[in-house]
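Structural description and commentary
Here is how the chains run, residue by residue.
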Amino acid sequence: MSEESYVHHCDDKLDFFTHWQGSSISPIPTFRKIDNHSIERWVAKDRKGSGSRNISLNISSKQAHKLSGDASKDLIFQPFIKGREFTAEAWVSQSGTCHGPLLRWRTKVVNGESHQTVIFHNREWEKAMRSMFLHVPGARGHCLAQVLVDGMDNLHLLEINPRLGGASPLALRAGLNSVAWHLMEETGNDRDIPTNSRFPEGMSLTKQDRDVFFNS
């Protein structure tokens with residue numbers, strides 16, 4: 001499990017923006033207030049926590065101002081960027097080695113969780129993600145990140161969750177064996193953990209009601 005400080009930096013979106021500035025993939029600019037900004041379209045979300053249970057997308061400056069004036073809500077504000085989202089999943093050893101990552105497009109998202117997702121490869125992005133996970137010390141175990149790709153193929157870091165995710169069964173099935181690797185590490189068999197894994201491009205996961213389907 002990741003160190004407490006790493007978990008805290010990921011949980012608090014203002015703190016996250018501060019600590020991951022200058023990493024290989026820049027986080028989206030994050031503000032507590034929206035005064036004195038020329039941005040026209042905004043995203044408002046809870047300052048703490050993960051996922052998108054309480055999120056307002058592509059809202060106007062007027063709407064964002066109204067939300068920012070509600071003292072009962074602890075919100076942050078980010079410029080709205082149109083694009084596609086992917087998830088990167090990795091496993092970080094106790095020695096700080098990042099295994100993976102596995103990249104998968106989020107083609108259907110329900111309440112912040114992928115209900116349709118498919119594995120793809122991009123060596124440049126994979127290299128950047130490995131560096132990004134390790135940018136702040138303290139990452140350990142299974143970690144996943146959400147990334148937005150804009151129309152110019154620029155990457156924007158949305159968040160990191162130092163845990164398994166709702167669609168992580170696809171990563172486990174594809175060979176990112178983080179649970180087994182953790183047990184191997186705990187029992188002193190970490191030399192047998194592969195340093196390089198090639199994940200099957202095109203393998204997908206689909207959720208329908210409570211059923212999960214894999215397509216290889």
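Residues numbered from 1 in each chain as written. Predicted model: local features only at pLDDT ≥ 70, side-chain atom pairs only at ≥ 80, totals over all residues. Heavy atoms only, no water.

Mapped onto the secondary structure, Asp70 falls in the loop between α3 (61-68) and β3 (75-79). Note: C-alpha distance between Asp70 and Ile34 (36 residues apart in sequence) is 13 Å. (Helix = DSSP H or I, 4+ residues; strand = E, 2+ residues; numbered from the N terminus.)

Before going further, it helps to spend a moment on the nonpolar core. The biggest cluster of nonpolar side chains holds 27 residues, and the ones touching the most others in it are Trp20, Phe86, Met129, Met132, Phe133, Leu157 and Ile160. Of all the secondary-structure elements, those providing two or more residues to this core are α1 (4-11), α2 (13-20), β4 (84-92), β5 (98-110), α4 (123-133), β7 (141-149) and β8 (155-161). Counting 13 residues, the second largest nonpolar core, distinct from the first, contains Trp91, Ala174, Leu176 and Met203. (Core = buried A, V, L, I, M, F, W, Y, C linked by side-chain atoms within 4.5 Å. Buried < 20%, exposed > 50% of the residue type's maximum accessible area, 1.4 Å probe, protein only.)

On to the pattern of salt bridges. Where side chains of opposite charge bring their charged atoms close, a pairing between them can arise. Within the structure shown, the criterion is met by six salt bridges. The closest approach of N and O atoms between Asp74 and Arg32, which form a salt bridge, is 3.2 Å. You can see Asp74 sitting in the loop between α3 and β3 and its partner Arg32 sitting in the loop between α2 and β1 (41-46), a full 42 residues away along the chain. Note that Glu89 is salt-bridged to Arg104, the shortest N-O span being 2.9 Å. Of this pair, Glu89 sits in strand β4 while Arg104 sits in strand β5; the two residues are 15 residues apart in sequence, bridging distant segments of the chain. Arg104 shares its class with Glu89; the two are buried. (Salt bridge = Lys/Arg side-chain N within 4 Å of Asp/Glu carboxyl O.)

Mapped onto the elements of the fold, Ser68 is located in helix α3. Considering only alpha carbons, one finds Ser68 and Ile34, 34 residues apart in sequence, at a separation of 7.6 Å. Sequence-distant contacts of Ser68, that is, excluding residues within four places in its chain, are made with Lys33 and Phe77. At 2.8 Å, the side chain of Ser68 forms a polar contact with the backbone oxygen of His65. (Contact = heavy atoms within 4.5 Å. Polar contact = N/O pair within 3.5 Å; in protein donor to acceptor, adjacent residues only side chain to side chain.)

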